[in-house]
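Residues per chain, in single letters:
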Amino acid sequence: MNTYKAAVIGAGIIAKVHMKTLHENEQTSLAAVADIDAERAGALAAPYGATPYVDYRRMVREERPDIVVVTLPHFLHKEAAIWCAEQGCHVLLEKPMAMDAAECADINAAGDRCGVVIAVGHMQHYFPAVMRAKQMIESGSLGRLVMINDRRHHFYFNAERPAWFLDRARSGGGIVRNLGSHSIDKIQWLTGSAVTKVKAHLTHCGERGDVEGSGLLYVQTASGVPAVVSLCGYHNVSVNETELLFTGGQLKIGGARALWIGSDAAGYEPVDLGEAPEPFAAQWRDMLHAVESGSGPVASGAYGQSVAAAVDAAYRSHETGAEQTVEPVGPGIFA
Ligand SMILES: NC(=O)c1ccc[n+]([C@@H]2O[C@H](COP(=O)([O-])OP(=O)(O)OC[C@H]3O[C@@H](n4cnc5c(N)ncnc54)[C@H](O)[C@@H]3O)[C@@H](O)[C@H]2O)c1
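Please read all numbers here as calculations on a predicted model, not as lab measurements.

(A) Main features of the side chain of S230. Among the structural elements, S230 can be located in strand β10 (residues 227–232). S230 gets classed as buried once you look at its relative accessible area, which sits at 16%. Residues contacting S230, with those up to four places away along its chain left out, are D150, R151, R152, H153, G215 and L216.

See the structure below:
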């Protein structure tokens, strides 16, 4: 079994989960973490015996990691990913892959040029509830999937949210770019098909920043299964639910580990998901498999680009008032 030297770029909220996962994975040796905030890098590195850096370029030059994970603000994803690819590192980029699909395309071109794996942290693929729902769609046990209703209502402008998330120039957008990427990913992944058209209406009523705080999206997929995505980041009741409606019943996904099966006769009943692997651990196993085998990771750079392209289409639709066609990425997004 090969082992791989790993390093983390950015020592913020999500980096903590990657650090823990990399520390626990027997195929990775966690070497270092870099953050411009030296205190943050030091505090995150210490429990794992990793080396803290303030400059990720210096970290990569000195440590020569095989794999880096980029957990930076969105406006820095492209430059960090391309630079690391040019140093010969495989790159796992946190979602959303970059500010827009054009940036994603540049990252993918660098990955191809440098012969490294580019993967994107669409980790909801590894949610036990999502995996079981996908199996049930594919089995046909509930008949034909006819529509998806995805609702994520969650206060977005909370004081703990880092300021860059609310600054469009650094985040590439608000709740639609950030949480909407999860929604688009879930729709594409569950239907096994790309989002092809989006009609969207957004609002900008947040208490701080200049990003949108809600988005209602009507989405078409290549499979023909339509979806409605309702994202709302104001002072509303929190909801995180994806309903899948079939000709013979329905499913409801509630986050990572809750799945219900329903019908007109019986209402909803919980589905026992049994023991299931932790999603970040499963994501890293997939990344390492891609590095080892050369076969595509579940969420490749091309897949990440397709998600970004659908989000771009939502913004264009809001601006123009018209349904928008999603810039196609190509047939290989589910490779
Ligand atoms: N998979 C998920 O469910 C999930 C959850 C949360 C966040 N994310 C994604 O993870 C990424 C990071 O989000 P976060 O919540 O951890 O943000 P964060 O602001 O907590 O962390 C970003 C870190 O990057 C550091 N940084 C900024 N510029 C830098 C530079 N030039 N060099 C080195 N470090 C620098 C900041 O100091 C900060 O510590 C985003 O892409 C976000 O959308 C994904």
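Having seen the structure, we can now continue with the description.
(B) Region of the structure containing the sheet that holds strand β12 (residues 249–253). Pairing is mixed in the open sheet, where nine strands are placed in the order β14-β13-β12-β11-β7-β10-β9-β8-β15. The open sheet is flanked by β14 (267–270) and β15 (324–325), the only strands paired with a single partner. The pairing of strand β9 (residues 214–221) with β10 spans six bridges and is classified as antiparallel. Pairing of V219 across the sheet is with A227, part of β10.

(C) Looking closely at the site of the ligand. In the region of the ligand, 24 residues are neighbours, and I13, D35, R40, H74 and W164 sit closest. At 3.2 Å, a side-chain N or O of E94 approaches a nitrogen atom of the ligand. For the ligand, an oxygen atom lies 2.8 Å from a polar atom in the side chain of W164. When the free accessible area of the ligand is taken as 850 Å², the share hidden by the protein chains comes to 86%. Elements with a minimum of two residues in the shell around the ligand: α1 (13–24) and α8 (175–191). No fewer than three residues from each of domain 1 (4–123 + 280–296) and domain 2 (124–272 + 308–334) sit in the shell around the ligand.

(D) Summary view of the environment of Y234. Structurally, Y234 is set in the loop between β10 and β11 (239–246). Of the residues examined, Y234 reaches a relative accessible area of 16% and is grouped as buried. Remark: the alpha-carbon pair of Y234 and A290, spanning 56 residues in sequence, is separated by 39 Å. Once residues within four sequence positions are removed from consideration, Y234 is found in contact with F155, F157, T203, H204, C205, G206, G213 and S214. A polar contact is formed between the side chain of Y234 and the backbone nitrogen of C205, at a distance of 2.9 Å. Engagement of the side chain of Y234 in a polar contact is seen with the backbone nitrogen of G213, the distance being 3.5 Å.

(E) Up close: helix α4 (residues 77–86). For α4, the buried fraction is high: seven of the 10 residues fall into the buried class. Taken as a whole, α4 has its buried residues at H77, A80, A81, I82, W83, C84 and A85. Looking at the buried positions of α4, the neighbouring elements they touch are β1 (4–9), α3 (56–63), β4 (67–70), β5 (90–93) and α5 (101–114).

(F) The pairing of β10, seen in detail. For β10, the tally of buried residues reaches five of six residues, placing the bulk of the element in the interior. Where strand β7 (residues 145–153) meets β10, six bridges bridge the pair, whose relative direction is parallel. If you follow N149 over to β10, its bridge partner there is V228. Where β9 hands over to β10, the hairpin turn is made up of five residues, of which G224 adopts a positive phi near 95 degrees.

(G) The packing of α8 against helix α10 (residues 301–320), seen in detail. Here α8 crosses α10 at 120 degrees, and the two axes come no closer than 9 Å. Looking at the two axes, α8 sits oblique to α10. Crossing geometry of α8 relative to α10 is assigned as right-handed. Residues V176, R177, S181, I184, D185, Q188 and W189 of α8 touch α10, and the partners they reach there are Y303, S306, V307, A308, A310, V311, D312, A314 and Y315. Of the residues that constitute the contact of α8 with α10, the class distribution is 10 nonpolar, three polar and three charged.

(H) How the structure looks around the sheet that holds β1. What the six strands build is an open sheet, ordered β3-β2-β1-β4-β5-β6; its pairing is parallel. The open sheet has two edge strands, β3 (51–53) and β6 (118–120), and neither has a second partner. If you compare each strand with its neighbour and ignore which way they point, the axes differ by 25 degrees on average. Summarising the sheet, β1 and strand β2 (residues 28–34) pair through six bridges and their orientation is parallel. Paired with K5 across the strands is S29, a residue of β2. Seen against the sheet, α1 touches β1, β2, β4 and β5 and runs at an angle of roughly 155 degrees to β2.

(I) The packing of aromatic side chains, seen in detail. On inspection of all chains with the given rule, the structure shows six aromatic pairs. Their ring planes at 5 degrees and their centres at 6.1 Å tell us that F157 and Y234 sit as a pair that is stacked. Taken as a pair, F157 in the loop between β7 and α7 (168–171) and Y234 in the loop between β10 and β11 lie far apart in primary sequence, 77 residues in all. Considering the side-chain rings of W189 and Y303, the 6.5 Å spacing of their centres and the 85 degrees angle between planes classify their relative orientation as edge-to-face. Taken together, the residues W189 in helix α8 and Y303 in helix α10 connect sequence positions 114 residues apart. For the pair formed by W189 and Y303, the shared burial category is buried. The structure contains a cluster of three or more aromatic residues connected by ring pairs, namely Y156, F157 and Y234. We note K134 situated over the ring of W189; from NZ or CZ to the ring centre the distance is 4.8 Å.

Criteria and cut-off values
- Residues numbered from 1 in each chain as written.
- Predicted model: local features only at pLDDT ≥ 70, side-chain atom pairs only at ≥ 80, totals over all residues.
- Heavy atoms only, no water.
- Helix = DSSP H or I, 4+ residues; strand = E, 2+ residues; numbered from the N terminus.
- Buried < 20%, exposed > 50% of the residue type's maximum accessible area, 1.4 Å probe, protein only.
- Contact = heavy atoms within 4.5 Å.
- Pairing = 2+ DSSP bridges.
- Near = heavy atom within 4 Å.
- Polar contact = N/O pair within 3.5 Å; in protein donor to acceptor, adjacent residues only side chain to side chain.
- Areas by Shrake-Rupley, 256 points an atom, 1.4 Å probe, with all protein chains shown as cover.
- Domains from an automatic or database assignment.
- Axes fitted to C-alpha atoms, helices over the stretch in contact; angles between N-to-C directions.
- Parallel < 35°, antiparallel > 145°, perpendicular 65-115°, else oblique.
- Left-handed = near helix turned anticlockwise from the far one by under 90°.
- Nonpolar A, V, L, I, M, F, W, Y, C, P; charged D, E, K, R; others polar.
- Phe/Tyr/Trp six-rings, centres within 6.5 Å; stacked < 30°, edge-to-face > 60°.
- Lys NZ or Arg CZ within 6 Å of the ring centre and 35° of its normal.

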